[in-house]
Amino acid sequence: MNIKEIKKGDKIQHSHLGSNQLVSGIVKESPIVGRGIRNTLLVEVKGSEVGLFDEIGSIYTKEVLKVFRENNWVPVEHN
């Protein structure tokens with residue numbers, strides 16, 4: 001799946017917190033703005049999965065590694 005196909009409400013796995021584990025999150029805004037793509041996404045990050053706090057904040061789109069679609073984790077391509 002291309003990063004451009006991510007939309008608000010998607011469940012993702014990302015590497016933003018720097019741990020060896022992937023952390024889940026929920027996308028709060030679309031990565032598409034106008035004709036281009038943003039470098040960051042607003043995500044509800046589930047930091048409690050790795051012993052940190054849950055919070056909403058920006059993460060880089062390159063840190064998004066998987067998206068949950070049709071009951072399966074799909075890898076994300078970054079072009």
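Scroll up for the structure.
Note that this is a predicted model, so its numbers are computed, not measured.

S.K.: Mind showing me how you'd approach the overall build of the protein chain here?
M.R.: The helix and strand tally for the protein chain stands at zero helices and eight strands. Beginning at the N terminus, the succession of helices and strands in the protein chain can be written as β-β-β-β-β-β-β-β. Relative to the 2.2 N^0.38 estimate, which gives 12 Å for 79 residues, the radius of gyration of the protein chain is 12 Å and therefore close to what a compact globule would have. Over its C-alpha atoms, taken along the principal directions, the protein chain stretches across nearly 40 × 25 × 20 Å.

S.K.: Got a minute to help me understand the pairing of strand 5 (residues 40–46) in this structure?
M.R.: Consecutive side chains of a regular strand alternate in pointing toward one face of the sheet and then the other. Pairing between strand 2 (residues 23–27) and strand 5: three bridges, direction antiparallel. From the neighbouring strand, Gly 25 faces strand 5, where its bridge partner is Val 45. Where strand 5 meets strand 6 (residues 54–60), seven bridges bridge the pair, whose relative direction is antiparallel. Residue Glu 44 lies in a different strand from strand 6, and its bridge partner there is Ile 56.

S.K.: Is there a simple way to think about the sheet that holds strand 8 (residues 72–75) in this case?
M.R.: What holds strands together in a sheet is hydrogen bonding between their backbones, with the strands either parallel or antiparallel. If you walk across this open sheet you meet the six strands as 6-5-2-1-7-8, and the pairing is antiparallel. Looking at strand neighbours, the two that pair on one side only are strand 6 and strand 8, the edges of this open sheet. The average undirected angle you get between the axes of adjacent strands in this sheet is 40°.

Calculation rules
- Residues numbered from 1 in each chain as written.
- Predicted model: local features only at pLDDT ≥ 70, side-chain atom pairs only at ≥ 80, totals over all residues.
- Heavy atoms only, no water.
- Helix = DSSP H or I, 4+ residues; strand = E, 2+ residues; numbered from the N terminus.
- Rg over C-alpha atoms; globule rule 2.2 N^0.38 Å.
- Pairing = 2+ DSSP bridges.
- Axes fitted to C-alpha atoms, helices over the stretch in contact; angles between N-to-C directions.

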